[in-house]
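Observations on the three-dimensional arrangement
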Amino acid sequence: MGYMQVTATGRMVTDPELKEVSAGKHVAKMRAAFTNKGGQDGSSLFVDVEAWDDLAKNCVSTLKKGSPVVITGRLKEDSWENKDGEKRSKMKIVASDIGEQISPWADDKKDSNKPQEVEEELF
């Protein structure tokens, strides 16, 4: 079975939490928000994100709530039954790459719909 590769830019809404799941195997769990700025309503999608091993450790040491991020990974569906026996599911991103987003639109204090003016130094 194949998988769907995704790349999304957004903002961390939780600090990454690192857990050791077995000897030498680590996972970082976090949540990110992705906003459809091109859409009419500007609604946000909140998605759980998982990173493993070295990437997990790097996330914990470099990312925090509010960090602008670019996340690449695969979509994975988690399924379970609740206490009433109802089937539930949700999508998450299992990250292969995560980094801070560095762009002129990353600063909340400025109008995010307009490119920022950049002073150019002449050489």
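**Brief notes about the overall build of the chain**
Broken down by element type, the chain carries one helix and six strands. Counting the 123 residues in the chain, one finds 27% classified as buried. Counted over contacts in the chain with a minimum sequence separation of 6, partners at least 24 positions apart contribute 55%. Summed over its atoms, the accessible surface of the chain is roughly 9100 Å², and 49% of this surface lies on carbon and sulfur atoms.

**What to know about the pattern of salt bridges**
The full count for this structure, using the stated rule, is six salt bridges. Here D48 makes a salt bridge to K90, at a shortest N to O gap of 2.4 Å. Within this pair, whereas D48 is found in strand β4 (residues 44–52), its partner K90 is found in strand β6 (residues 87–100), the two being separated by 42 residues in sequence. Exposure remark for K90: the relative accessible area of 38% places this residue in the partly exposed category. Ionic pairing is found between K92 and D78, a salt bridge with its closest N-O pair at 3.2 Å. Here K92 is found in strand β6, whereas its partner D78 is found in strand β5 (residues 68–81), with 14 residues between them in sequence. Assessed through its relative accessible area of 8%, K92 is described here as buried.

**Looking at the environment of P68**
Tracing the backbone shows P68 in strand β5. For the pair P68 and A32, spaced 36 residues apart in sequence, the C-alpha to C-alpha distance is 9.2 Å.

**Overview of the environment of T7**
Structurally, T7 can be placed in strand β1 (residues 5–12). Along the backbone, T7 and T72 are 65 residues apart, and their C-alpha atoms lie at a distance of 4.3 Å. Not counting chain neighbours up to four residues away, the residues in contact with T7 comprise V70, I71 and T72. Separated by 3.1 Å, the side chains of T7 and T72 make a polar contact.

**Regarding helix α1 (residues 53–62)**
All buried positions along α1 are accounted for by L55, A56 and C59. Seen end-on, α1 carries its buried residues on one side only, within an arc spanning 105°. Of the exposed residues in α1, those oriented more than 90 degrees away from the buried face are D54, S61 and T62. As for α1, its buried residues are in contact with β2 (17–22), β3 (25–35), β4 and β6.

What counts, and at which threshold
- Per chain, residue numbering runs from 1 following the sequence as it is written.
- Predicted model: local features are reported for residues with pLDDT of at least 70 only, side-chain atom pairs are reported and counted for 80 or more only, and whole-chain, interface and lining totals are derived from all residues.
- Values reported for side chains reflect all heavy atoms of the structure, with hydrogen atoms and water molecules removed beforehand.
- Under the scheme used here, helices are H or I runs from DSSP no shorter than 4 residues and strands are E runs no shorter than 2 residues, and both carry numbers assigned from the N terminus.
- Exposure categories follow from relative accessible area, calculated using a 1.4 Å probe and restricted to protein chains: below 20% of the type maximum is buried, above 50% is exposed, and the middle band is partly exposed.
- The contact rule is simple, with two residues in contact once any of their heavy atoms fall within 4.5 Å.
- For the accessible areas, the method is Shrake-Rupley and the probe is 1.4 Å, while residue cover comes only from the protein chains on display.
- The working definition used for a salt bridge is a side-chain nitrogen of Lys or Arg within 4 Å of a carboxyl oxygen of Asp or Glu.
- Contacts described as polar in this section are N or O atom pairs within 3.5 Å, which, within protein, must combine one atom able to donate a hydrogen with one able to accept it, while residues neighboring in sequence count only if both atoms come from side chains.
- Taking the helix axis as origin, the arc is that swept by the directions to the C-beta atoms.

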